[in-house]
Amino acid sequence: MKFFIDTANLEQIKEAQDLGILDGVTTNPSLMAKEGIKGDENIKNHYKTICEIVEGDVSAEVISTDFKGMIKEGEILAALHPQITIKIPMIKDGIKAIKYFSEKGFNTNCTLVFSIGQALLAAKAGATYVSPFIGRLDDISANGVELVRQIVDMYNYYGYGTQVLAASIRHTQHIIQCAEVGADVITAPLSAIVGLLKHPLTDSGLKTFLADYKKLNG
Ligand code: E4P
């Protein structure tokens, strides 16, 4: 399973990259705004900086909601760096844009996916990634991880090449559950990723080992 970090914060991206387990980055307009990145040129430069920090795919989201606008914007984003994946929302013109870009050989990430039917359309349009938002589904008392399982099963049944990128991950347990149902990729905040490290028995076990070593070796 690939690990992406879901942030536009450069320090957090560097920290995840330093861990040696990072496969890519996802961003969205809200995450860029959170970092105070505004203005087209600053946004483009920020994407380029992220691409220089990490080795894998970096999702950059279009703002347009019409086909022509998405194509124009997507081409500009893709030209910034070979690692850019064009992130496109799951709307009618978005599906057309994904089809267009997949035929041209560009990587795409179909975002804001909340149903199995939407995931089916994304795969048929040739999306590289489909992003079911599991936390936001859980927020409305639906079952986000169950949707990931259904999409994985359907894609395996039909042999679709689209990778299931579980998004809107809120905590460590979400990552574990996504691994159990066979997600290809998770994108998560740094806190959820480093949360996987933690276990009280590891901490107490290490404390004992070090104390025993000290007893004999001073
Ligand atoms: C995915 O690519 C999105 O950037 C992200 O996971 C959305 O998560 P949120 O529901 O925490 O905003």
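Residues numbered from 1 in each chain as written. Predicted model: local features only at pLDDT ≥ 70, side-chain atom pairs only at ≥ 80, totals over all residues. Heavy atoms only, no water.

The next subject is helix α6 (residues 116-125). Inspection of α6 places Ala119, Ala122, Ala123 and Ala125 among the buried residues, and these make up the whole buried set. Down the axis of α6, the buried side of the element spans an arc of 165°, and every buried residue falls inside it. Buried-residue contacts for α6 involve α5 (92-104), β5 (108-113), β6 (129-132) and α8 (144-158). The first or second residue beyond α6 is Gly126, which carries a positive phi of 95°. (Buried < 20%, exposed > 50% of the residue type's maximum accessible area, 1.4 Å probe, protein only. Helix = DSSP H or I, 4+ residues; strand = E, 2+ residues; numbered from the N terminus. Arc of directions from axis to C-beta. Contact = heavy atoms within 4.5 Å.)

What the rule picks out here adds up to eight aromatic pairs. Aromatic side chains Phe4 and Tyr129 sit 5.7 Å apart centroid to centroid with 75° between the ring planes, which places their arrangement in the edge-to-face category. Note that Phe4 is positioned in strand β1 (residues 2-6) and Tyr129 in strand β6, a separation of 125 residues in sequence. Relative to Phe101, the ring of Tyr100 lies with its centre 5.4 Å away and its plane at 80°, an arrangement referred to as edge-to-face. For Tyr100, a relative accessible area of 25% translates into the label partly exposed. Here a set of aromatic residues connected by ring pairs shows up, and it is made of Phe67, Tyr100, Phe101 and Phe106. (Phe/Tyr/Trp six-rings, centres within 6.5 Å; stacked < 30°, edge-to-face > 60°.)

Attention shifts here to the pattern of salt bridges. Overall, the coordinates contain nine salt bridges when judged by the stated rule. Between Arg170 and Asp139 there is a salt bridge; the shortest N-O distance is 2.9 Å. Placement of Arg170 in the loop between β7 (163-166) and α9 (172-180) and of Asp139 in helix α7 (residues 134-139) is noted, with a sequence separation of 31 residues between them. By relative accessible area, which is 54% here, Asp139 ends up exposed. (Salt bridge = Lys/Arg side-chain N within 4 Å of Asp/Glu carboxyl O.)

Turning our eyes to something else, we now look at the sheet that holds β7. Sheets are built from strands paired through backbone hydrogen bonds, the pairs being either parallel or antiparallel. The strand order around the closed barrel formed by eight strands is β1-β2-β3-β4-β5-β6-β7-β8, and the pairing between neighbours is parallel. Within this sheet the neighbouring strands show an average axis-to-axis angle of 30°, counted without direction. Here strand β3 (residues 57-61) runs beside strand β4 (residues 84-89); their pairing, made up of four bridges, is parallel. The partner of Glu61 across the bridge, within β4, is Lys87. Sheet strands in contact with helix α4 (residues 67-80) are β3 and β4, and its direction is about 155° off that of β4. (Pairing = 2+ DSSP bridges. Axes fitted to C-alpha atoms, helices over the stretch in contact; angles between N-to-C directions.)

This part is about the packing of α5 against α6. The interhelical angle for the contact between α5 and α6, taken along N-to-C directions, is 30°, at an axis separation of 8 Å. When the axes of α5 and α6 are compared, the pair comes out roughly parallel. Note on element contacts: α6 touches α5 through Leu121, Ala122 and Ala125, opposite Ile95, Ile98, Lys99 and Ser102. A breakdown of the residues in the contact of α5 with α6 according to their chemical character gives five nonpolar, one polar and one charged. (Parallel < 35°, antiparallel > 145°, perpendicular 65-115°, else oblique. Nonpolar A, V, L, I, M, F, W, Y, C, P; charged D, E, K, R; others polar.)

The next point concerns the nonpolar core. Counting residues in each nonpolar core, the largest one holds 60 residues, and the members touching the most others are Tyr155 and Ile169. Considering every element that reaches this core, the biggest residue donor is α8, with seven residues. Ignoring sequence-local partners within four residues, the contact set of Ile169 consists of Ile134, His174, Ile175, Cys178, Ile186, Thr187, Ala188, Pro189 and Ala192. (Core = buried A, V, L, I, M, F, W, Y, C linked by side-chain atoms within 4.5 Å.)

Time to look at the site of the ligand. Around the ligand lies a shell formed by Asp6, Thr26, Asn28, Leu31, Lys87, Phe133, Arg136, Ala167, Ser168 and Arg170. Between the ligand and Ser168, the relevant distance is 2.7 Å, taken from an oxygen atom to a side-chain nitrogen or oxygen of the residue. Here Arg170 contributes a side-chain N or O atom positioned 2.9 Å from an oxygen atom of the ligand. For the shell around the ligand, the residue count by class is three nonpolar, three polar and four charged. (Near = heavy atom within 4 Å. Polar contact = N/O pair within 3.5 Å; in protein donor to acceptor, adjacent residues only side chain to side chain.)

Moving on to unusual backbone geometry. Even without a glycine there, the phi angle at Ser141 is positive, about 65°. Mapping Ser141 onto the fold places it in the loop between α7 and α8. At Ser168, a residue that is not glycine, the phi angle is positive and equals roughly 55°. Its location among the elements puts Ser168 in the loop between β7 and α9. A residue is classified by how much of its surface remains accessible, and Ser168, at 9% relative accessible area, is buried.

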